[in-house]
Every structure is written in structure tokens, then in C-alpha cells.
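# Residue-level structural notes
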Amino acid sequence: MLPAGPPLQLLRLLSCVTVILLVQVTSAKRDLKKACNTCQQVTDNFNKGFERTANQNFGGGNTAWEERTLAKYETSEIRLMEILEGVCDSSSFECNRMLEEHEDHFETWWFKRKTKHPDLHKWFCIDTIKTCCPNGTYGPDCKACVGGSEWPCHGNGQCDGDGTRGGDGKCSCDDAYKGDSCLDCIDGYFNEVRNDTFSLCTVCHTSCKTCAGATNQDCDECKDGWEDDDQEACVDVNECSADASPCGEEKYCVNTDGSYSCAACDGVCSGCTGAGADKCRACAGGYEDTEGTCTDIDECSQPEPVCTEEHEQCVNTKGSHVCSCASGYEEQEGECVPTLHPEKEEESEASGATTDGPHEEL
Ligand SMILES: *[C@@H]1O[C@H](CO)[C@@H](O)[C@H](O)[C@H]1NC(C)=O
Ligand SMILES: *[C@@H]1O[C@H](CO)[C@@H](O)[C@H](O)[C@H]1NC(C)=O
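The structure displayed is predicted, hence computed values, not measured ones.

Definitions and cut-offs
Residues numbered from 1 in each chain as written. Chains lettered and ligands numbered in written order. Predicted model: local features only at pLDDT ≥ 70, side-chain atom pairs only at ≥ 80, totals over all residues. Helix = DSSP H or I, 4+ residues; strand = E, 2+ residues; numbered from the N terminus. Buried ≥ 20, exposed ≤ 12 C-beta atoms within 10 Å, placed from the backbone. Contact = placed C-beta atoms within 7 Å. Near = placed C-beta within 6 Å. Nonpolar A, V, L, I, M, F, W, Y, C, P; charged D, E, K, R; others polar. UniProt positions renumbered as here; feature names shortened; annotations may be inferred. pLDDT = per-residue confidence, 0-100. Core = buried A, V, L, I, M, F, W, Y, C linked by C-beta atoms within 7 Å. Domains from an automatic or database assignment. Arc of directions from axis to C-beta.

### Here's the deal with the overall build of the chain
- Of regular secondary structure, the chain possesses seven helices and 20 strands.
- When each of the 362 residues of the chain is scored for burial, the buried share is 22%.
- Within the chain, contacts between residues separated by at least 24 positions form 28% of all contacts whose residues are at least 6 apart in sequence.

Below, the structure is given as C-alpha cells:
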């Protein structure tokens with residue numbers, strides 16, 4: 001018997017709580033990245049609005065009055081309001097919420113901080129509301145990414161949460177790179193340059209699975225379809241030179257670098273060594289070898305006639321022939337009999353029927 005209920009229920013409860021906590025932690029991290037993106041969007045659009053309003057209220061004239069009005073407008077509350085109005089799409093909930101929540105900050109920056117801290121993103125997103133971090137850093141305390149903030153992931157990857165208060169700073173490496181700090185090369189690439197802080201991975205020769213250099217002599221291991229030759233280089237395996245063709249009877253083999261392909265023989269062949277009527281091993285039925293090329297046999301011009309019924313005519317076709325009734329005769333129950341109705345009559349009857357009738361679709 002199992003022990004009484006409570007311990008089991010407690011375990012279930014605990015595991016539920018754990019799952020909920022984990023979900024909350026991951027979604028909180030995602031939210032932190034999102035909040036920074038929203039802030040970036042807010043400050044980007046603010047800067048755009050700032051440029052857009054740069055020449056507003058300026059008639060193009062040059063009067064002293066206009067210059068004075070312009071100077072006033074440049075730093076005015078009215079201009080700030082006009083900029084703020086254009087920052088968020090009405091549909092963007094996150095953007096509008098951030099703007100409403102921090103409207104005071106924008107006023108403060110506009111009137112008191114702008115001169116000393118001209119970079120709004122840095123002042124607002126990073127230093128004031130702390131939803132972003134400087135580039136190359138991540139997380140609540142803006143820790144440097146792997147590889148350092150100057151050169152995150154050593155320039156070969158993306159640092160998780162880079163520039164935000166979220167993420168864990170781990171690198172997802174670009175193509176060709178691997179490892180915690182993206183200094184190692186994936187299989188098929190080799191380190192052309194490498195020290196503790198810098199790595200350049202270059203693609204191996206196409207014949208190598210792994211390598212230490214760029215040529216087919218630098219392979220550590222040959223790729224499938226390639227083999228070591230007597231000079232320790234990886235060379236193509238010619239699959240087509242094997243005694244038994246890998247392509248079967250009615251196809252021929254084409255060797256390619258690292259592989260091979262099979263292509264269908266010409267229709268006039270029965271087996272072949274390549275493309276065309278002159279590469280047949282033997283000719284297909286109805287064809288004969290004429291100076292090395294398989295050509296159609298004209299059954300109709302054989303000394304012995306092949307269509308022997310009365311009023312039959314012979315028509316040669318590619319690889320064969322047909323026997324049909326001669327003109328003026330039609331086939332009835334296996335015999336050629338004179339045609340009763342000339343075709344013209346039938347045609348005019350048929351066309352009359354379709355043009356007279358209503359537009360019916362059958
Ligand atoms: C920070 O990174 C972003 C995105 O890569 C870039 O657009 C921006 O110019 C960078 N800022 C600085 C100060 O380097
Ligand atoms: C590593 O290599 C790079 C590129 O060749 C070079 O700029 C850098 O100074 C090197 N660093 C060290 C520590 O040797």
C-alpha cells in the first residue's frame with residue numbers, strides 16, 4: 001500500500017509551483033528584453049519627431065519676427081507635445097503605456113537635461129528608467145557579454161540580451177563558429193587565424209569532412225564520396241568505374257565530385273553507357289544497329305509485307321508500325337469495308353446541331 005494521500009498531493013503541489021516559477025522567470029526575462037525594445041522604439045521615434053519638427057513654423061522668410069518665433073519654438077513645450085504625439089502608433093499598447101508612465105521624464109529631459117545629455121536613449125532607457133543596458137552588456141546589472149562589451153562573442157555571434165536588462169549573456173554563434181565564446185570552428189571549417197580573443201574560421205576544401213587548412217591535402221578526414229590517394233590527399237571516388245554500375249540496367253552513371261548520378265538511356269537503347277542513340281549496349285525492339293547507332297526499322301518496306309489483310313495499309317512508327325484501313329475504307333469487326341457516309345455530311349450535321357441549340361453545356 002502507498003502511504004496516505006497528503007505527501008503525494010504535496011509533491012504535486014510543489015512541482016506545480018516549480019513549473020509556475022520557471023515559466024514566470026523565463027517570461028520575465030523575455031519581458032525585460034521587450035521593455036528595452038519598446039524603449040528603443042520610443043526614443044528612435046522621438047528623435048525622428050525631433051528632426052521632423054526642426055523646420056516647423058518657419059515660413060521660409062527671414063524676418064526678425066520669424067527668427068524669434070522659431071528660436072522660441074525650438075525649445076518650447078508645444079514642440080515637445082508635437083513630438084510626443086507622433087511617438088507611438090495608437091495600436092501599440094506597450095509604447096503608449098511607457099510614454100504615459102514616463103511623461104515627466106520627457107519634460108525633465110526636454111527642459112533641463114537635453115544639453116548635458118543629448119543622447120536620449122542613453123539618458124532615458126539606460127540611466128533613468130533602466131530598461132536597457134549599454135551595447136555589449138546585458139541583464140539587471142548590465143554585465144559585459146562573453147568576449148567583453150567592446151567585442152561581444154568575439155564578433156562571431158549574438159550575446160543573449162545584448163543591450164537590454166534581460167538575457168543571460170550567452171552567445172549564439174554565427175555560421176561556422178561554435179563554443180561558449182564562438183572561437184571554435186564547426187566541422188568543415190578551420191581556424192585560419194586564432195588567439196585568445198580573435199578567431200577566423202574558413203571553409204575546408206570540399207573534399208574534407210574536417211581539416212586544418214584550405215587544400216585537399218589538409219583534410220583530417222575525407223568526406224563521404226572522397227578517399228585518400230597515395231599523396232594523402234582526398235580525391236573523388238569514381239563510383240561509375242565499379243564493375244557493376246550502381247544505376248541498374250536502363251540508366252547510365254555520371255560521376256560527380258563526391259558523388260554520382262544516374263540518367264535514363266535513350267529510348268532506342270536496351271542498356272547504355274551514356275547519353276544518345278550511339279551509346280547503346282544493345283538496340284531496343286524495333287531498332288537496329290546502323291554503324292553504331294540504333295535506328296528505327298521501317299517494317300513497312302520489308303520485302304515481306306507485314307499488313308496482309310485486304311485494303312490494309314502499313315504505317316511505320318518509331319520502333320514499330322501499325323496496320324490500318326486504306327483511305328476510303330473503315331474498320332468494322334476486324335475487316336476493312338468501304339466507307340458508307342462520306343465524312344463531310346457528318347461534319348455539317350454535327351455543326352448544325354450545336355449552333356442552333358441554346359447555350360447548353362454538356
Ligand atoms: C548599439 O547597437 C545597436 C544595434 O546593433 C546599434 O543600432 C547602435 O548604433 C549601437 N549604439 C552604439 C552607441 O554603439
Ligand atoms: C589576436 O589577433 C588579432 C587579429 O590578428 C589581433 O588584432 C590581436 O591583437 C591579437 N590579440 C592577441 C592577444 O594576440
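### Quick word on the environment of Gly-161
- Turning to its location among the elements, Gly-161 is positioned in the loop between β3 (157–159) and β4 (171–173).
- For Gly-161, a count of 24 C-beta atoms within 10 Å translates into the label buried.
- Between the C-alpha atom of Gly-161 and that of Lys-34, which follows or precedes it by 127 residues, the distance is 10.0 Å.
- Ignoring sequence-local partners within four residues, the contact set of Gly-161 consists of Lys-33, Tyr-138, Gly-139, Gly-166, Gly-167, Asp-168 and Gly-169.

### Quick word on the site of ligand 2
- Every residue near ligand 2 is listed here: Val-193, Asn-195, Asp-196, Thr-197 and Phe-198.
- Across the shell around ligand 2, the residue classes break down as two nonpolar, two polar and one charged.

### Concerning the UniProt feature "domain: EGF-like" (unreviewed entry) in the chain
- UniProt's entry tags residues 296–335 with the feature "domain: EGF-like" (unreviewed entry), counted in the numbering of this structure.
- Taken end to end, residues 296–335 has its terminal C-alpha atoms 28 Å apart, with 0% of it in helix and 45% in strand.

### Quick word on the confidence of the model for the chain
- Here the chain averages 86 in pLDDT, while 84% of its residues score no lower than 70.
- With pLDDT under 50 throughout, residues 345–362 is counted as low confidence; its partners more than four residues away or in other chains account for one contact.

### Here's the deal with the nonpolar core
- One finds Cys-39 and Cys-153 to be the most contacted residues of the largest nonpolar core, which totals 42 residues.
- The element that contributes the greatest number of residues to this core is helix α1 (residues 5–52), accounting for six residues.
- When we break this core down by domain, the ones giving at least three residues each are domain 1 (29–54 + 70–132) and domain 2 (208–237).
- The residues contacting Cys-153, other than those within four sequence positions of it, are Cys-145, Val-146, Gly-147, Gln-158, Cys-159, Cys-171, Cys-173, Ser-181 and Cys-182.

### Remarks on helix α6 (residues 120–128)
- All buried positions along α6 are accounted for by Leu-120, Phe-124, Cys-125 and Ile-126. What you see down the axis of α6 is that its buried residues fit within an arc of 155 degrees, all on one side.
- In the stretch just after α6, Lys-130 is the one whose phi turns positive, near 55 degrees.

### Considerations on the environment of Gly-163
- By the secondary structure assignment, Gly-163 is in the loop between β3 and β4.
- For Gly-163, a count of 24 C-beta atoms within 10 Å puts it in the buried group.
- Put simply, Gly-163 and Ile-126 are 37 residues apart on the chain and 8.9 Å apart in space, counted from C-alpha to C-alpha.
- With residues near it in sequence (within four places) discarded, Gly-163 still touches Cys-36, Cys-132, Cys-133 and Asn-135.

### Comments concerning unusual backbone geometry
- A positive phi angle is found at Cys-142, which is not glycine, with a value near 50 degrees.
- One can find Cys-142 in the loop between β1 (137–138) and β2 (143–144).
- A residue is classified by how many C-beta atoms lie within 10 Å of it, and Cys-142, with 18 of them, is partly exposed.
- Backbone geometry places Glu-232, a non-glycine residue, at a positive phi of 65 degrees.
- In this structure, Glu-232 sits in the loop between β11 (226–228) and β12 (234–236).
- Overall, Glu-232 belongs to the exposed group, with 10 C-beta atoms counted inside 10 Å.

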